[in-house]
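# Residue-level structural notes
Here is how the chains run, residue by residue.
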Amino acid sequence: MQEGNQKPKRALVVAVQLPRASDVEFEASLTELRQLAKTLGFEVVGLFTQKRASFDSAGYLGAGKRKELHEQVLLDRADLVLVDHEISPSQSHNLEKEVGCEVMDRTMVILEIFHRHAHSRAARAQVEIARLGYMAPRMREAAKLAGPKDRARSGTGGRSGGESHGELDRRKIRERIAELQKELDAMDLGRNTQRARRQERQGLARVALVGYTNAGKSTLMRALTGSEVLVADKLFATLDTTVRALHPESVPRVLVSDTVGFIKNLPHGLVASFKSTLDEALEASLLAHVVDASDPGFERQLAVTEEVLDEIGAKDVPRLLVFNKIDRGGDEAALRAKYPGCIVMSARREGDVAKLRAAIVAFFQRRLVEAELFLPWSAQKQRGEIFATCEVLEERAAGEGAFLRVRGEPETVERLREKFSA
Ligand SMILES: Nc1nc2c(ncn2[C@@H]2O[C@H](COP(=O)(O)OP(=O)(O)OP(=O)(O)O)[C@@H](O)[C@H]2O)c(=O)[nH]1
Ligand SMILES: [Mg+2]
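Residues numbered from 1 in each chain as written. Chains lettered and ligands numbered in written order. Predicted model: local features only at pLDDT ≥ 70, side-chain atom pairs only at ≥ 80, totals over all residues. Heavy atoms only, no water.

### As for the overall build of the protein
Helix and strand counts for the protein come out as 15 helices and 13 strands. When each of the 422 residues of the protein is scored for burial, the buried share is 48%. Looking at the protein alone, contacts between residues at least 24 apart form 66% of all its contacts between residues at least 6 apart. Summed over all atoms, the accessible surface of the protein reaches about 20600 Å², with 51% contributed by carbon and sulfur. (Helix = DSSP H or I, 4+ residues; strand = E, 2+ residues; numbered from the N terminus. Buried < 20%, exposed > 50% of the residue type's maximum accessible area, 1.4 Å probe, protein only. Contact = heavy atoms within 4.5 Å. Areas by Shrake-Rupley, 256 points an atom, 1.4 Å probe, with all protein chains shown as cover.)

Listed below in structure tokens is the structure:
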């Protein structure tokens, strides 16, 4: 991730442990921040923690600890400090001044990863909106600290009378956000019509792979569909949704979508802006929730994912719980006992992937319903639609048209029944 052959930046991970965070949770969060740092190409050179009843309002750590941290930064020759919480603009500013190097909070780290990994126009626009939203209050803080001098210098550039540099920048940010939002809305319209067309054509057997970042969703997507989606041992490798058919094809035809990974404390701007990516998940009739069974913190990851799914309105979509990476560790028997109906597997084993595939197909086959349709000779053009979305069990010509006995997804069959009721 590091540009060219520059030396990687040396980072010190800094965290306050609040009373409500258990040791296990605290450790898990630190491990995750280390991984996030690694994803950005930083070298983590040390750890600096403090137990406190609350964050210090001026500088996150207590005043004494900030001095100690300054010494630690010098000792470790750290280029930057990574704070394992989202801190306020003034806390960040003060900390930076006192420890003498750049400070990035958890939100900034995640935003930076999203920024680097976003490839499509939509993903780039969404990330930029989130970044601008994060920067705006921080610029206000910087402007406040710059003092009244700033306001006095009016009348140059694009500024109207009395508008300070800070205000100008903030106005520009607002305008840029509005512009990006308009672009996204336009893309969304396009995407919705595309999506509607896709559903018309292909019926509604959709499964979405969801789960914590790095759980193995893209790996399973590849294995299930034979497609070449990006797989990487990085957090947030996937930032766009891809949709592919199960391969080899099944009856009914099942579409699989790979989605952006979840994470604890996903910056708020990102939850909102990535909702459109996760919308794919909402459309699916089945969510395959992929969990890295070999991660000691898997239960927390599972809970975080479920919480976010609730938040985006996917609470009632049926789940298939998939414990992946069992080849690396995890207690298979305990998982089966605790989560009845779950699948325990490794994406590295062909037989396991076949079992997952069978479970997905079985889910959709169970749901299938039958109906009898009447297709008038005058509507023969629609034959293609019926054959593409359903299995046609029987066909009989009669008078003005043909009777077709079909089997398919409830929603598809219902839609066809409305048009061609026998
Ligand atoms: N040992 C082992 N490694 C796996 C397994 N499944 C995936 N991996 C590895 O785990 C890492 C992450 O896999 P991805 O498929 O990119 O994970 P993801 O859930 O798509 O991650 P994001 O896109 O970041 O949300 C890769 O290095 C994979 O090779 C598995 O069953 N066993
Ligand atoms: Mg992925």
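### Re the side chain of Asp 76
Looking at where Asp 76 falls in the secondary structure, it is placed in the loop between helix H2 (63-75) and strand S3 (80-83). Of the buried charged residues, Asp 76 lacks a salt bridge, with Arg 10 as the closest side chain of opposite charge at 5.8 Å. Residues in contact with Asp 76, not counting those within four places in the same chain, are Arg 10, Leu 12, Val 45 and Gly 46. (Lys, Arg positive; Asp, Glu negative; His and termini not counted. Salt bridge = Lys/Arg side-chain N within 4 Å of Asp/Glu carboxyl O.)

### Digging into the site of ligand 1
In the region of ligand 1, 23 residues are neighbours, and Lys 217, Thr 219, Ala 237, Asp 327 and Ala 347 sit closest. Here an oxygen atom of ligand 1 and a side-chain polar atom of Lys 325 are 3.0 Å apart. Taking Ser 346, its side chain carries an N or O atom lying 3.4 Å from an oxygen atom of ligand 1. Taking 660 Å² as the accessible area of ligand 1 by itself, protein coverage stands at 93%. Tallying contributions element by element places helix H8 (residues 217-225) first for the shell around ligand 1, with three residues. (Near = heavy atom within 4 Å. Polar contact = N/O pair within 3.5 Å; in protein donor to acceptor, adjacent residues only side chain to side chain.)

### Remarks on the packing of helix H1 (residues 23-39) against helix H4 (residues 106-117)
Packed helix pairs are specified by the crossing angle of their axes together with the interaxial distance, meaning the distance between the axes. Two elements in contact, H1 and H4, have axes whose closest approach is 10 Å; the angle formed by their N-to-C orientations is 40 degrees. In this structure, the crossing between H1 and H4 has a hand that is left-handed. For the pair formed by H1 and H4, the contact residues are Ser 29, Glu 32, Leu 33, Leu 36 and Thr 39 on the first element and Arg 106, Val 109, Ile 110, Ile 113 and His 117 on the second. Along the lines of polarity and charge, the residues of the contact of H1 with H4 split into five nonpolar, three polar and two charged. (Axes fitted to C-alpha atoms, helices over the stretch in contact; angles between N-to-C directions. Left-handed = near helix turned anticlockwise from the far one by under 90°. Nonpolar A, V, L, I, M, F, W, Y, C, P; charged D, E, K, R; others polar.)

### Remarks on the sheet that holds S3
Strand pairing in a sheet relies on backbone hydrogen bonds, with the paired strands running either antiparallel or parallel. Overall, parallel pairing links the four strands, which are arranged S2-S1-S3-S4 in an open sheet. Edge strands, defined here as strands with exactly one partner in the open sheet, are strand S2 (43-51) and strand S4 (102-105). Strand after strand, the sheet turns through a mean of 25 degrees between neighbouring axes, direction not considered. Pairing analysis gives four bridges linking strand S1 (residues 10-17) to S3, with the strands arranged parallel. Paired with Leu 12 across the bridge in S3 is Val 81. H2 rests against S1, S2 and S3 of the sheet, and its axis sits at about 165 degrees to S2. Each of S3 and S4 touches helix H3 (residues 89-99); the most contacted strand, S4, lies at about 145 degrees to it. (Pairing = 2+ DSSP bridges.)

### A few points about the nonpolar core
Counting residues in hydrophobic clusters, the biggest one holds 60 residues, and the most contacted among them are Leu 36, Leu 69, Val 81, Leu 82 and Phe 236. Of the residues forming this core, the biggest block, six residues, is contributed by S1. Aside from chain neighbours lying at most four places away, what touches Leu 69 is Leu 12, Val 14, Phe 48, Leu 61, Val 81 and Val 99. Counting 25 residues, the second-largest nonpolar core is a separate cluster that includes Leu 220, Val 254, Val 290 and Val 353. (Core = buried A, V, L, I, M, F, W, Y, C linked by side-chain atoms within 4.5 Å.)

### What to know about the pairing of S1
Burial of S1 is extensive: seven of the eight residues sit out of reach of the surface. Note: S1 against S2, eight bridges, orientation parallel. Among the inter-strand pairings, Arg 10 is bridged to a residue of S2, identified as Glu 43. Handedness of the crossover joining S1 and S2 through H1 is recorded here as right-handed. (Right-handed = clockwise from strand over helix to strand, strands pointing away.)

### Regarding the packing of aromatic side chains
Taken as a whole and judged by the stated rule, the model has five aromatic pairs. Relative to Tyr 339, the ring of Phe 323 has its centre 5.1 Å away and its plane inclined at 50 degrees; by these criteria the two rings are tilted. In this pair, Phe 323 is assigned in strand S9 (residues 319-324) and Tyr 339 in the loop between helix H12 (332-338) and strand S10 (343-344), connecting sequence segments 16 residues apart. Residue Phe 323 shares its accessibility class with Tyr 339, and that shared class is buried. When the ring of Phe 363 is compared with that of Phe 364, the centres are 5.0 Å apart and the planes differ by 90 degrees; the resulting orientation is edge-to-face. Each member of the pair, Phe 363 as well as Phe 364, carries the same accessibility label: buried. Members of the aromatic cluster, connected to one another through ring pairs, are Phe 298, Phe 323 and Tyr 339. A cation sits over an aromatic face here: Arg 138 above Tyr 134, 3.7 Å from the ring centre. (Phe/Tyr/Trp six-rings, centres within 6.5 Å; stacked < 30°, edge-to-face > 60°. Lys NZ or Arg CZ within 6 Å of the ring centre and 35° of its normal.)

### Focus: the side chain of Ser 92
Among the structural elements, Ser 92 can be located in helix H3. The class of Ser 92 is buried, set by a relative accessible area of 16%. The contact partners of Ser 92, leaving out residues within four places of it in the chain, are Ile 87 and Val 103.

### Some thoughts on the pattern of salt bridges
Scanning the model with the defined rule gives 31 salt bridges in all. A salt bridge links Asp 105 to Arg 138; the nearest nitrogen and oxygen atoms lie 3.7 Å apart. Here Asp 105 is found in strand S4, whereas its partner Arg 138 is found in helix H5 (residues 121-146), with 33 residues between them in sequence. The pair Asp 105 / Arg 138 is uniform in exposure class, with both members buried. Glu 179 is the salt-bridge partner of Arg 176, the closest N and O atoms lying 2.9 Å from each other. Of the two residues, Arg 176 and Glu 179 both sit in helix H7 (residues 165-202), three residues apart, roughly one turn of that helix.

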